[in-house]
Amino acid sequence: MDLDLTKDELEFREEVREFLRTSLPDYVRDGARRTPGVFVEPDIGLVWHRILNDKGWVAYHWPEDCGGTGWTPMQRYIFEKECAIAGAPALSVLGLRLVGPVICAFGTQEQKDRFLPAIRAGTDYWCQGYSEPQSGSDLASLRTRARRDGDDYIVDGSKIWTTHAHHANWIFCLVRTDGEVRKQAGISFLLIPMDQPGVTVTPIITMAGDHEVNQVFLDGARTAVDNRIGDEGQGWTIAKFLLENERGGSFHAPRLIRAIDELEMTAGIAPSGHNGALGADVQTATDIARLRLEAEALETTELRILADIARGRPAGPQTSLVKLIASELHQRIDRIAMDLHGYDGLQLPTVRPLYGNAAPPPIGDPDAQIAAARFLNSRAWTVFGGSSEVQKNIIAKTVLRL
Amino acid sequence: MNFDLDEGQHLARESIGRFLGPIDIAARHAMRKSAGGYSRARWQEGADLGLLALAAPEAMGGMGGTMVDLALVAEALGKGVAIDPWLENGVLPIRLAAAAGEDALVEDLLTGARFAAVAFAEPGRRYETAAVATRVEGGRIIGSKTFVLGASLADTLLVTLAGNQLATVAHNAAGVVLQDYPVIDGSNAATLDLHRTPAELLDLPAAKFDRVIGDGRLLAAAEMLGLAQRMFDDTLAYTREREQFGAAIGTFQALQHRLVECYAALELARSMVLRTAMQDPTTDDTDWPRITAGAKAYVGEAATRIGLEAVQMHGGMGQTDELVIGHALKRVMLLDKIFGDQTHCLRSYARAA
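About the cut-offs
- Residues numbered from 1 in each chain as written.
- Chains lettered and ligands numbered in written order.
- Predicted model: local features only at pLDDT ≥ 70, side-chain atom pairs only at ≥ 80, totals over all residues.
- Helix = DSSP H or I, 4+ residues; strand = E, 2+ residues; numbered from the N terminus.
- Rg over C-alpha atoms; globule rule 2.2 N^0.38 Å.
- Buried ≥ 20, exposed ≤ 12 C-beta atoms within 10 Å, placed from the backbone.
- Contact = placed C-beta atoms within 7 Å.
- Nonpolar A, V, L, I, M, F, W, Y, C, P; charged D, E, K, R; others polar.
- Core = buried A, V, L, I, M, F, W, Y, C linked by C-beta atoms within 7 Å.
- Pairing = 2+ DSSP bridges.
- Axes fitted to C-alpha atoms, helices over the stretch in contact; angles between N-to-C directions.
- Domains from an automatic or database assignment.
- Parallel < 35°, antiparallel > 145°, perpendicular 65-115°, else oblique.
- Left-handed = near helix turned anticlockwise from the far one by under 90°.
- Expected span 1.5 Å × (residues − 1).
- Bend = angle between axes of the 7 residues up to and from the residue.

## Quick look at the overall build of chain A
Turning to step 1, where the next piece is worked out: Each helix and strand counted, chain A has twelve helices and eight strands in total.
Turning to step 2, where the next piece is worked out: Computed over C-alpha atoms, the radius of gyration of chain A comes to 22 Å, within 12% of the 21 Å expected from 2.2 N^0.38 for 402 residues, which places it in the range of a compact globule.
Turning to step 3, where the next piece is worked out: Projected onto the principal axes, the alpha-carbon positions of chain A cover approximately 75 × 50 × 50 Å.
Turning to step 4, where the next piece is worked out: Per-residue burial for chain A yields a buried fraction of 46% across its 402 residues.
Turning to step 5, where the next piece is worked out: Once local pairs closer than 6 in sequence are excluded, the contacts in chain A between residues at least 24 apart make up 73%.

Given below as structure tokens:
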């Protein structure tokens, strides 16, 4: 039992570090750092996406025959860890992590040829049509209907919490194609172009003032039957495959540990208001120490899962465990980050973006400017991708067999 | 990177399983009622299995186990809710004697020929590990110690002294006053007063002493991990079979979610123990006592929480001394405090961070 990297892995890590040193633009790094939302905007994210695509590294978790890198699970971990340390933005998950792997696993050759290169190139931008106003945690109760009309489906209904729908040209949707069977069995997985009269996008502004999510209205929206992934009625199986990727597709700990490093740096300079820096205050120091221990335990848990995957054992419900813990940790970190800044932590700028020349000047430490917005946006962690309560239900059922 | 056990680790785990056997609460009560609350014959069996030799360096006749090896033993002992004071009367004195370069003593201890108790804690100094008030005066030692676990069974007392020294004291030496008292896991501790007691004095550099304290912290964490696993397994099984309101109580979501929280805490605690054991610098690195303090605080919190939930979910039965979980919880309570409680260890961990 050891945590050592092999010689090849150490060389790979050097290669990644060198690439990040030379290829990650400062303004992209700064934009990521100054984004209070959960996801970076395409003006930052797509720049990095295309740089990685030019290197051939953007779809690093796809199978090789779909344009992936063929990296081992350990290489993926090293890559993500180095990206986190370097402050690279997290890539948009919608194409690369969600619909891409679905098309790889369930799509026809024609579908792979049509969609996968455009995801890698960043020329298609995707959004996800899962949740509906009346179907949140109970996803299988969804009502958006699709009916056949010749070689097309006509889709009616509404999707909600649709991240970046206002940037997207495609939406992947769970739709009901059969209302007569068990609710899970009547669902199909459709790809629908956004640029058509039947699709309307309405913004939803978060507590923090960010526009990340939307409601999407589908009123007679059309898509070709050829844009259905899998068979009619196979949508729920695909949905679960996608959700496991969403929950477990990437490693959380590297970014969490970097965020904790930043907390410590902030605590080291933030005045306590009594004597000396906050970092010397026992309560603050031990609060941050608790976060670090939890993040380190999570990192090792992710590595244990990775070791299982490397041996060909499926990660399955373990991804729910990681999602559950990581979500709470994100929230605890963002809460303490806001608290560290005192009054300055209460500023909540109303303009976006907070990077570039048009950004307003921060009050106090630059990190204080986004702390309140991060705290507010971070509340979504325990809701999206299946709420913490749903994750607990999944673990209770599939791991504890209760 | 790999998380697999090697062949020796598999074998050790199996032989500990056979040594411990199924948990017999009645036998456990009987042993605790006997003189000293434990059996030297049983201790000898453990020694014959090599459980003590594993903690000693090969150069001193031991098996030179790694921290991973030792953590796996501690975990297995915890999982079997062992009554054996392997950590406090085995690993701790052996590693202190080894750190002080006392080959002969190490050999006597690892064969089970001698049984030692370690007097490190001092009254009024809470969890401070360094000796302050116990000292040498005119070639003899004076001072007071407390929380000397297993003292009533010991042939030899190892006493930490101010000025980076360690004294070996015969249990019946002149000026030794031991006052036995029972502690929470059913074992015995003692207060120790030393009135100009003759002793053999050994040098024990602070870095080497702190290294042993770090080892003790990690192994306490590993044993707590095993204990937590046992309490969790028993509780999960119980909630599947115990029926109320016409259904197994494990079908109730209020309990399911709390069980999932316990499961998550358990898996993270396991990660923390393995991670820390694998990070052993194998030197007297000054960071070792600190990172093991963090690990122990983290695992102690998880094990305590799991233990208290286990008691609650067992309802009335959980309050009794008849179930394994009560015995496991009581051992956790002791291990959670030995070498510093959660607050103390968290502060040690954070201070130098």
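## A short note on the interface of chain B and chain A
Turning to step 1, where the next piece is worked out: Contact residues are listed per partner, giving 30 residues for chain B and 31 residues for chain A.
Turning to step 2, where the next piece is worked out: Among the secondary structure elements, those contributing two or more residues to the side of chain B that touches chain A are helix 7 (206-241), helix 8 (253-278), helix 9 (288-313) and helix 12 (342-351) of chain B.
Turning to step 3, where the next piece is worked out: Take the side of chain B that touches chain A: its biggest share by element is 13 residues, from helix 8 of chain B.
Turning to step 4, where the next piece is worked out: Its residues placed into classes, the side of chain B that touches chain A shows 18 nonpolar, seven polar and five charged.

## Considering the nonpolar core
All names here are of chain B.
Turning to step 1, where the next piece is worked out: With 219 residues, the main nonpolar core has A71, A228, A269, V273 and V299 as its most contacted residues.
Turning to step 2, where the next piece is worked out: Counting residues per element, this core draws most heavily on helix 7, which supplies 15 residues.
Turning to step 3, where the next piece is worked out: Not counting residues within four places of it along the chain, the set of residues in contact with V273 comprises A71, A221, A222, L225, A295 and V299.

## A few points about the sheet that holds strand 1 (residues 116-119) of chain B
Residue and element names in this part refer to chain B.
Turning to step 1, where the next piece is worked out: Read from one edge to the other, the open sheet built from four strands follows the order 1-4-5-8, with strand pairing classed as mixed. Edge positions in the sheet fall to strand 1 and strand 8 (200-203), since each of these pairs with one other strand and no more. On average, each strand axis in the sheet is inclined to that of its neighbour by 25°, with strand direction left out of account.
Turning to step 2, where the next piece is worked out: Sheet analysis places strand 4 (residues 156-161) next to strand 5 (residues 165-170), joined by six bridges and oriented antiparallel. Counted as the bridge partner of V159 is A167 from strand 5.

## Focus: the sheet that holds strand 2 (residues 135-137) of chain B
Residues and elements named next belong to chain B.
Turning to step 1, where the next piece is worked out: The strand order across the open sheet formed by four strands is 2-3-7-6, and the pairing between neighbours is antiparallel. Of all strands in the sheet, those bounded by a partner on one side alone are strand 2 and strand 6 (176-182). Mean inter-strand twist for the sheet, computed between neighbouring axes without regard to direction, equals 20°.
Turning to step 2, where the next piece is worked out: Looking at chain direction, strand 2 and strand 3 (residues 140-145) are connected through three bridges and run antiparallel. Each residue of the ladder has a partner; that of E137, found in strand 3, is R140.

## Observations concerning the domain arrangement of chain B
All names here are of chain B.
Turning to step 1, where the next piece is worked out: On domain assignment, one finds that chain B holds domain 1 (7-110), domain 2 (116-205) and domain 3 (207-352).
Turning to step 2, where the next piece is worked out: The straight-line distance from the C-alpha centre of domain 2 to that of domain 3 is 29 Å.
Turning to step 3, where the next piece is worked out: Listed as interface residues are eight residues of domain 2 and, on the opposing side, twelve residues of domain 3.

## Let's talk about helix 12 (residues 388-398) of chain A
Given 3.6 residues to a turn, an α-helix orients residues that are three or four positions apart in the same direction.
Turning to step 1, where the next piece is worked out: Residues of helix 12 of chain A that are buried: Q391, K392, I394, I395 and A396 of chain A.
Turning to step 2, where the next piece is worked out: Residues of helix 12 of chain A that are buried make contact with helix 10 (318-340) of chain A together with helix 8 of chain B.

## Remarks on the pairing of strand 1 of chain B
Residue and element names in this part refer to chain B.
Turning to step 1, where the next piece is worked out: Burial of strand 1 is two-sided: the residues A116 and V118 facing one way and the residues A117 and A119 facing the other way are all buried.
Turning to step 2, where the next piece is worked out: Inspection of the sheet shows strand 1 paired to strand 4 by four bridges, in the parallel sense. For A119, the partnering residue across the bridge sits in strand 4 and is V159.

## Describing the packing of helix 7 of chain B against helix 9 of chain B
All names here are of chain B.
Turning to step 1, where the next piece is worked out: Running from N to C, helix 7 and helix 9 cross one another at 20°; their axes reach a closest spacing of 8 Å. Relative to helix 9, the element helix 7 is oriented roughly parallel. Our pair here, helix 7 against helix 9, has a crossing hand that is left-handed.
Turning to step 2, where the next piece is worked out: Looking at the contact of helix 7 with helix 9 residue by residue, the classes come out as 21 nonpolar, six polar and five charged.

## Digging into the environment of G163 of chain B
Residues and elements named next belong to chain B.
Turning to step 1, where the next piece is worked out: Along the chain, G163 turns up in the loop between strand 4 and strand 5.
Turning to step 2, where the next piece is worked out: For G163, a count of 12 C-beta atoms within 10 Å gives the class exposed.
Turning to step 3, where the next piece is worked out: As for G163 and L51, which are separated by 112 residues in sequence, their C-alpha atoms are 32 Å apart.

## Overview of helix 5 (residues 93-106) of chain A
Residue and element names in this part refer to chain A.
Turning to step 1, where the next piece is worked out: A rise of 1.5 Å per residue sets the reference length of helix 5, with its 14 residues, at 20 Å; its end C-alpha atoms lie 18 Å apart and thus fit the reference within 8%.
Turning to step 2, where the next piece is worked out: Along helix 5, the sharpest change in direction is near 35° and occurs at V99; proline P101 comes one to four residues later.
Turning to step 3, where the next piece is worked out: For helix 5, the full list of buried residues reads L94, G95, L96, L98, V99, G100, P101, V102 and I103.

## Quick notes on the packing of helix 7 of chain B against helix 8 of chain B
Residues and elements named next belong to chain B.
Turning to step 1, where the next piece is worked out: Taken N-terminus to C-terminus, the directions of helix 7 and helix 8 make an angle of 155°; their axes are 10 Å apart at the nearest point. On the basis of the axis angle, helix 7 is roughly antiparallel to helix 8. In the packing of helix 7 onto helix 8, the handedness of the crossing is left-handed. Residues L218, A221, A222, L225, A228, Q229, F232, L236 and T239 of helix 7 lie in contact with helix 8, whose contacting residues are L255, L259, C262, Y263, L266, A269, R270, V273, T276 and A277.

## Quick look at the environment of V324 of chain B
Residue and element names in this part refer to chain B.
Turning to step 1, where the next piece is worked out: Mapped onto the secondary structure, V324 falls in helix 11 (residues 324-337).
Turning to step 2, where the next piece is worked out: What makes V324 partly exposed here is the crowd of 19 C-beta atoms within 10 Å.
Turning to step 3, where the next piece is worked out: The spacing of V324 and M231 is 93 residues in sequence and 7.7 Å in space, taken between C-alpha atoms.
Turning to step 4, where the next piece is worked out: V324 has contacts with I23, V81, R230 and D234, leaving out every residue within four places of it along the chain.

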